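Below, each chain spelled out in residue letters.
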Amino acid sequence: MLPPVFTKQLNFRNLMVLAALARFGFLFISGKLQTEDYWEYGEIAGQLLAGHGFSFPFTDAHLNFNPAHFYPTALMPPAYVFFLLPFLLVQDVLIRNLLLFGIQIFLSLLAIRFTYSFSSEKFGKTAALLILGFQAFYPEMIFACCTAGPTIWFHFLFAAFIFSATARKNPILRGLIAGLLVLFRSEAILLTGLIFAFEFWKGSRKPVLISALLLCLTIFPWLLRNQLVFGKPMLSSSVGVNFFRGNNAGLIGDWPVFSESSWNAMKSNPDAFEQTLDASALSMAVDWVKAEPSKFVLQLGEKFFRFWVIDFSDSRTHSVFYWLPWLICLPAGIIGIRKMSSGISGPIVLLFLCYSLVVLIFFPQPRYLSLVKFFWLIPVGLTFSILAKKKQQAF
């Protein structure tokens, strides 16, 4: 246990209040309230509002978006786009962002609440409070709340997914949560599939089958839309491009480059543009892997290092607020995972395994690790609770 003064001053309620204050404080001082950059999600939402359907605008020679020229897209899964859509109806940018990021802050706090319930049941109050503290004040978790994108939704939904299993909730609800997770992050189909397979193998067969059925029903409308529009029931149309970005003759992360004639030929058929582009990128990447198998294998180690340790080629990792906390939390998390029992750590370890596989197949990015870090802080907090207990016993 921690010293009484710690548990008295830093109880659950106080930490949650401080977490909320830290997030809103960052929102107001960071300039995020004035941003109108909502990435690809905002561009697609803008096309929907313009009556162009779920589409993406072409760019001109200077890479500026041209909303009048567009093509049907499955570049991004639909959930965050539709979450963002009503906020874009608010004309005042400050009010819009206050509402948007305020809700994301609320979801972040709910994710912390779910994790606290899970942790207190499995590891005890001391570990749960420390985990809560790390999740509440880790700089990247605060930053993610005030950035457009599905990171906070991922934290919230996967925390709810874990907690629903711990609390033995209705498998129907759990399947719906899993389906929403996939509609926010399409690669989560691998994650939920691994978890359901693991639980099925462990003997929880009927609930798993019910949850898996509800997952399929939840994502079915998106698959049907893509079948009707593209002729394939796909979750995403960027598999080929992403595979190229991780496997090409240039640098990891490079975009595919096409000749002007090839580019114009693809653009001449907007309805098939995205599929043609993705297929061409995939073909180029596969050809490179076949031609350079040794380089492909050697790059796996580089990808793994850049994902789990640091990707210093990305300027977003240069801040001391990024690399210093991770320098502490990475080894602490490794120790904590070893202290967790297999039954407790199962879904969390599968999360780490899933994203390791994703970046090895495709390519690493700091924002992918942001999805994982929230849950990495669970074994981090467990490690520090063990150290605190040993220190107290020493006195």
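Cut-off values and rules
- Residues numbered from 1 in each chain as written.
- Predicted model: local features only at pLDDT ≥ 70, side-chain atom pairs only at ≥ 80, totals over all residues.
- Heavy atoms only, no water.
- Helix = DSSP H or I, 4+ residues; strand = E, 2+ residues; numbered from the N terminus.
- Buried < 20%, exposed > 50% of the residue type's maximum accessible area, 1.4 Å probe, protein only.
- Contact = heavy atoms within 4.5 Å.
- Areas by Shrake-Rupley, 256 points an atom, 1.4 Å probe, with all protein chains shown as cover.
- Lys, Arg positive; Asp, Glu negative; His and termini not counted.
- Charge placed at Lys NZ, Arg CZ, Asp CG, Glu CD.
- Core = buried A, V, L, I, M, F, W, Y, C linked by side-chain atoms within 4.5 Å.
- Phe/Tyr/Trp six-rings, centres within 6.5 Å; stacked < 30°, edge-to-face > 60°.
- Lys NZ or Arg CZ within 6 Å of the ring centre and 35° of its normal.
- Salt bridge = Lys/Arg side-chain N within 4 Å of Asp/Glu carboxyl O.

Visitor: For this particular structure, what's the right way to read the overall build of the chain?
Guide: Secondary structure assignment for the chain yields 18 helices and 2 strands. When its C-alpha atoms are laid out on the principal axes, the chain stretches across 75 × 50 × 45 Å. The burial tally for the chain puts 50% of its 395 residues in the buried class. Restricting to contacts in the chain with at least 6 residues of sequence separation, those with at least 24 account for 72%. When the accessible surface of the chain is summed, it comes to about 18900 Å², and 68% of that surface belongs to carbon and sulfur atoms. Separation between the mean location of the 31 positive side-chain charges and that of the 20 negative ones in the chain comes to 19 Å.

Visitor: Explain the nonpolar core here, please?
Guide: For soluble globular proteins, the rule of thumb is that nonpolar side chains tend to be buried together. Core analysis: the largest hydrophobic core is formed by 114 residues, its most contacted members being Y80, F154, F158 and F375. Looking at this core, the element that brings in the most residues is helix α18 (residues 366–394), giving 11 residues.

Visitor: Just to check I follow, could you spell out the packing of aromatic side chains for this structure?
Guide: Any pair of aromatic rings gets described here by the distance separating the centres and the angle formed by the planes. Enumeration over the complete set of coordinates arrives at 35 aromatic pairs. Ring geometry for F56 against Y71: centres 6.2 Å apart, planes inclined by 55°, an arrangement best described as tilted. Taken together, the residues F56 in strand β1 (residues 55–59) and Y71 in strand β2 (residues 65–72) connect sequence positions 15 residues apart. Among the residues examined, Y71 registers a relative accessible area of 8% and is labelled buried. One aromatic cluster is present, formed by Y41, Y80, F83, F87, F114, W153, F156, F163 and F184 through successive ring pairs. Residue placement shows K373 over the ring face of Y322; its charged tip is 4.0 Å from the ring centre.

Visitor: What should I look at first to understand unusual backbone geometry in this one?
Guide: Even without glycine at this site, W39 takes up a positive phi of about 55°. Judged by relative accessible area, which is 47%, W39 ranks as partly exposed.

Visitor: Help me out: how do you make sense of the pattern of salt bridges in this one?
Guide: By the definition in use, this model includes 7 salt bridges. The salt bridge partner of R96 is E36, with a shortest N-O separation of 3.9 Å. Here the residue R96 occupies a position in helix α5 (residues 93–123), and E36 occupies one in the loop between α2 (12–30) and α3 (39–49), the gap between them amounting to 60 residues. Residue E140 pairs with K373 through a salt bridge whose shortest N-O separation is 2.5 Å. Pair noted here: E140 is in helix α7 (residues 139–145) and K373 is in helix α18, with a separation of 233 residues, a long-range link. The class for K373 is buried, based on a relative accessible area of 0%. The structure contains a network of salt bridges with shared partners spanning E302, R306 and D311.

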